Amino acid sequence: AVFEGLLTRRELDVLRHLADGLSNKAIAEALVISDGTVKFHVNGILRKLHVANRAEAVARYLRLLGLRGL
């Protein structure tokens, strides 16, 4: 996968849910983790992808997924 070695499996799970437009609360419920844990993972994702916010993280994720499909 594009993000292998960069993001943990759990961070990828969170990022996929972010890309689906879910809130932290909805992600927490879907993954059966706390809101705080979701925030922790989101912060890790932003740091590792060198982006400022969730929207940029999702944009980068979708762009890289699209590139992988070529």
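(A) Focus on the overall build of the protein chain. A count of helices and strands for the protein chain gives four helices and zero strands. Helices and strands appear in the protein chain in the N-to-C order α-α-α-α. Its C-alpha atoms give the protein chain a radius of gyration of 11 Å, within 12% of the compact-globule value 11 Å for 70 residues. By principal-axis analysis of the C-alpha atoms, the protein chain measures approximately 35 × 20 × 20 Å. Long-range contacts, defined as pairs at least 24 residues apart, comprise 52% of the intrachain contacts of the protein chain with a sequence gap of at least 6. When the accessible area of the protein chain is evaluated, it comes to approximately 4,300 Å², of which 56% is carbon and sulfur surface.

(B) Inspection of helix α2 (residues 24–31) at higher detail. Turning to α2, its buried residues are N24, I27, A28 and L31. The buried side chains of α2 occupy one side of the element, clustering within an arc of 100° when seen end-on. One or two steps after α2, the chain reaches V32, where phi turns positive at roughly 55°.

(C) Quick look at the confidence of the model for the protein chain. Averaged over all residues, the pLDDT of the protein chain equals 92, while 93% of them reach at least 70. When mean pLDDT is taken per element in the protein chain, α2 scores highest with 98 and helix α4 (residues 54–68) scores lowest with 89.

(D) Representation of helix α3 (residues 35–49) within the structure. Taking 1.5 Å per residue as the helical rise, α3 with its 15 residues ought to reach 21 Å, and the 21 Å between its terminal C-alpha atoms agrees with that figure. Count one or two residues on from α3 and you reach H50, which has phi positive near 55°.

(E) Local environment of the nonpolar core. Core analysis: the biggest nonpolar cluster contains 18 residues, and F3, V14, L15, L18, I45, L49 and A57 have the highest contact counts within it. Considering each element in turn, this core owes the most residues, five residues, to α3.

(F) Region of interest: the side chain of E11. By the element assignment, E11 lies in helix α1 (residues 9–19). The buried category is assigned to E11, whose relative accessible area is 5%. Of the polar contacts made by the side chain of E11, one reaches the backbone nitrogen of T8; its length is 2.9 Å. Not counting residues up to four positions away in its chain, the partners in contact with E11 are L6, H41, G44, I45 and K48.

The rules behind each value
- Residues numbered from 1 in each chain as written.
- Predicted model: local features only at pLDDT ≥ 70, side-chain atom pairs only at ≥ 80, totals over all residues.
- Heavy atoms only, no water.
- Helix = DSSP H or I, 4+ residues; strand = E, 2+ residues; numbered from the N terminus.
- Rg over C-alpha atoms; globule rule 2.2 N^0.38 Å.
- Contact = heavy atoms within 4.5 Å.
- Areas by Shrake-Rupley, 256 points an atom, 1.4 Å probe, with all protein chains shown as cover.
- Buried < 20%, exposed > 50% of the residue type's maximum accessible area, 1.4 Å probe, protein only.
- Arc of directions from axis to C-beta.
- pLDDT = per-residue confidence, 0-100.
- Expected span 1.5 Å × (residues − 1).
- Core = buried A, V, L, I, M, F, W, Y, C linked by side-chain atoms within 4.5 Å.
- Polar contact = N/O pair within 3.5 Å; in protein donor to acceptor, adjacent residues only side chain to side chain.

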